[in-house]
Amino acid sequence: WKKLILPKAQGGLGFRDMHGFNLAMLSRQVWRLIQSPDSLCARILKARYFPTGSLLDARPVDGISYSWRSLLHGLDLFREGHIWRIGDGTGVRIWSDPWLPRPGSRSVITPRGQCLLEWVSDLIDPVTGNWDEHLVRDTFWSEDAKQIMQIPLREGVQDFIAWHYDTRGLHSVKSAYKLQAQLERTRENGDVG
């Protein structure tokens with residue numbers, strides 16, 4: 001079965017793994033909840049399961065419904081592929097949120113150490129509205145600093161979530177399924193090796 005579900009380009013027959021496809025569809029529902037936080041469904045789920053926090057921070061607890069438990073599995077996949085696009089930087093945490101547009105890790109790889117900076121907005125010069133280049137270069141390793149300096153800033157725009165695996169930042173079941181299949185292959189190769 002593992003060979004049958006491989007893409008044809010990799011010697012398989014391209015059959016879909018139904019479990020992985022289901023996770024991709026559940027991650028699509030998570031995307032809809034994030035994009036439409038005022039929908040009835042999103043408001044009910046927030047009131048019941050994460051009243052004081054964000055959907056991205058939601059965790060399973062005892063006594064949750066089967067539907068919510070399923071959505072949390074989709075949320076796990078969504079967390080693997082989302083990225084924050086920077087507007088004013090006030091809603092993105094420097095050290096824990098994925099916000100650097102690069103392959104692999106989208107989070108900062110520089111260790112935090114004793115740094116007191118918390119939000120991406122702390123890295124923006126309030127006078128010019130541009131990155132504080134000296135602060136960025138003094139705080140981060142060169143590879144992180146280079147990525148940060150290339151991110152365009154949008155004054156007056158709030159930070160927003162995008163899908164990293166699409167050029168337009170839009171989530172799709174197809175790209176989520178590809179990500180799930182890639183993660184599954186990585187886990188299998190890691191377990192074997």
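Please refer to the structure placed before this passage.
This report concerns the structure included in the present document.

Calculation notes
Per chain, residues are indexed from 1 in the order of the written sequence. Per-residue local features of the predicted model are confined to residues with pLDDT of at least 70, and side-chain atom pairs are confined, for both listing and counting, to 80 or more; whole-chain, interface and lining totals are unaffected and use all residues. Just so you know, side-chain values use all the structure's heavy atoms and leave hydrogens and water out. Going along the chain from the N terminus, every DSSP run of H or I of four or more residues is numbered as a helix, and every run of E of two or more is numbered as a strand. Burial classes: relative accessible area under 20% of the type maximum marks a residue as buried, over 50% as exposed, and values in between as partly exposed (1.4 Å probe, protein chains only). For accessible areas, the Shrake-Rupley method is used with a probe of radius 1.4 Å. Any residue's cover is judged against the shown protein chains and nothing else. Here the positive residues are Lys and Arg and the negative ones are Asp and Glu; neither His nor the chain ends is included. By convention, the charge on Lys lies at NZ, on Arg at CZ, on Asp at CG and on Glu at CD. In this description, one arc is meant: the one made by directions from the helix axis to the C-beta atoms. The contact definition used throughout considers only heavy atoms, calling two residues in contact when any of these lie within 4.5 Å. Any Phe, Tyr or Trp ring, taking Trp's six-membered ring, that has another such ring centre within 6.5 Å forms a pair; planes under 30 degrees apart are called stacked, those over 60 apart edge-to-face, and the others tilted. Whenever Lys or Arg places a side-chain nitrogen within 4 Å of a carboxyl oxygen from Asp or Glu, that contact is recorded as a salt bridge. Put simply, buried Ala, Val, Leu, Ile, Met, Phe, Trp, Tyr and Cys residues joined by side-chain atoms within 4.5 Å make one nonpolar core. Every angle, taken between N-to-C directions, lies between 0 and 180 degrees, and every axis is a line fitted to C-alpha atoms, over only the stretch in contact when it is a helix. These descriptions rest on fixed angle ranges, namely under 35 degrees for roughly parallel, over 145 for roughly antiparallel, 65 to 115 for roughly perpendicular, and the rest for oblique. Ten residues, namely Ala, Val, Leu, Ile, Met, Phe, Trp, Tyr, Cys and Pro, are considered nonpolar, four, namely Asp, Glu, Lys and Arg, are considered charged, and the remaining ones, Gly among them, are considered polar. Side-chain atoms alone can form a polar contact between residues adjacent in sequence; in general such a contact is a pair of N or O atoms within 3.5 Å, and within protein one must be able to donate a hydrogen while the other accepts it.

### What to know about the overall build of the protein chain
For step 1, the next point in the chain: For the protein chain, the helix and strand inventory stands at six helices and two strands.
For step 2, the next point in the chain: Going residue by residue from the N terminus, the α and β elements of the protein chain occur as α-α-α-β-α-α-β-α.
For step 3, the next point in the chain: For the protein chain, the spread of C-alpha atoms along the principal axes amounts to about 55 × 40 × 30 Å.
For step 4, the next point in the chain: Counting the 193 residues in the protein chain, one finds 38% classified as buried.
For step 5, the next point in the chain: Here the protein chain has roughly 12,000 Å² of accessible surface; of this, 54% comes from carbon and sulfur atoms.
For step 6, the next point in the chain: In the protein chain, 25 positive and 22 negative side-chain charges are present, and the distance between their average locations comes to 11 Å.

### Some details on helix α2 (residues 40–49)
For step 1, the next point in the chain: All of the buried residues along α2 are Ala 42, Leu 45 and Tyr 49. Axial view of α2: buried residues confined to an arc of 70 degrees, hence all on one face. Of the residues in α2, the exposed ones pointing more than 90 degrees away from the buried face are Leu 40, Ile 44, Ala 47 and Arg 48.
For step 2, the next point in the chain: Check the buried side of α2 and you find it contacts α1 (18–35) and α3 (66–81).

### Some remarks on the side chain of His 171
For step 1, the next point in the chain: As for its position among the elements, His 171 is in the loop between β2 (160–163) and α6 (173–192).
For step 2, the next point in the chain: Using a relative accessible area of 4% as the deciding quantity, one classes His 171 as buried.
For step 3, the next point in the chain: Excluding residues within four positions of it along the chain, His 171 makes contact with Ala 24, Ser 27, Arg 28, Trp 31, Phe 78, Trp 163 and Ala 176.

### Notes on the packing of aromatic side chains
Given two aromatic rings, their pairing is described by the distance between the two centres and the angle made by the two planes.
For step 1, the next point in the chain: Evaluated as defined, the whole model comprises eight aromatic pairs.
For step 2, the next point in the chain: Ring-pair connections join several aromatic residues into one group, and the members of that group are Trp 31, Phe 78, Trp 163 and Tyr 165.

### Digging into the pattern of salt bridges
For step 1, the next point in the chain: Enumeration according to the criterion identifies seven salt bridges in this entry.
For step 2, the next point in the chain: Close ionic contact of Asp 76 with Arg 79 constitutes a salt bridge, the shortest N to O distance being 3.0 Å. Of this pair, Asp 76 and Arg 79 both sit in helix α3, three residues apart, roughly one helical turn.
For step 3, the next point in the chain: For Arg 112, the salt bridge is made with Glu 118, and the minimal N-O distance between the two is 3.6 Å.

### A short note on the nonpolar core
For step 1, the next point in the chain: Ranked by internal contacts, the top residues of the largest apolar core, which has 47 residues, are Trp 68, Phe 78, Ile 94, Trp 99, Leu 123, Trp 131 and Phe 140.
For step 2, the next point in the chain: Top contributing element to this core by residue count: α1, with eight residues.
For step 3, the next point in the chain: When sequence neighbours within four positions are dropped, the list of residues in contact with Trp 68 reads Leu 45, Tyr 49, Phe 50, Leu 55 and Ala 58.

### Points about the packing of α1 against α3
For step 1, the next point in the chain: Where α1 contacts α3, the axes come no closer than 7 Å and their chain directions differ by 85 degrees. In terms of orientation, α1 and α3 fall into the roughly perpendicular class. Taking contact as the criterion, the partners of Leu 23, Ala 24, Leu 26, Ser 27, Gln 29, Val 30, Trp 31, Leu 33 and Ile 34 in α1 are, on α3, Ser 70, Leu 71, His 73, Gly 74, Leu 75, Leu 77 and Phe 78.
For step 2, the next point in the chain: For the contact of α1 with α3, the per-class residue count stands at 11 nonpolar, five polar and no charged.

### Section: the environment of Gly 156
For step 1, the next point in the chain: Residue placement: Gly 156 occurs in the loop between α5 (142–150) and β2.
For step 2, the next point in the chain: Put simply, Gly 156 and Trp 119 are 37 residues apart on the chain and 16 Å apart in space, counted from C-alpha to C-alpha.

### Remarks on the side chain of Asp 159
For step 1, the next point in the chain: Within the fold, Asp 159 resides in the loop between α5 and β2.
For step 2, the next point in the chain: The side chain of Asp 159 sits in the buried core without any salt bridge; Arg 154 is the nearest counter-charge, 7.0 Å away.
For step 3, the next point in the chain: At a separation of 2.7 Å, a polar atom in the side chain of Asp 159 contacts the main-chain amide nitrogen of Gly 87.
For step 4, the next point in the chain: In terms of polar contacts, Asp 159 uses its side chain to reach the backbone amide nitrogen of Gly 89, at 2.9 Å.

In short, shape yes, function no, at least from these values alone.
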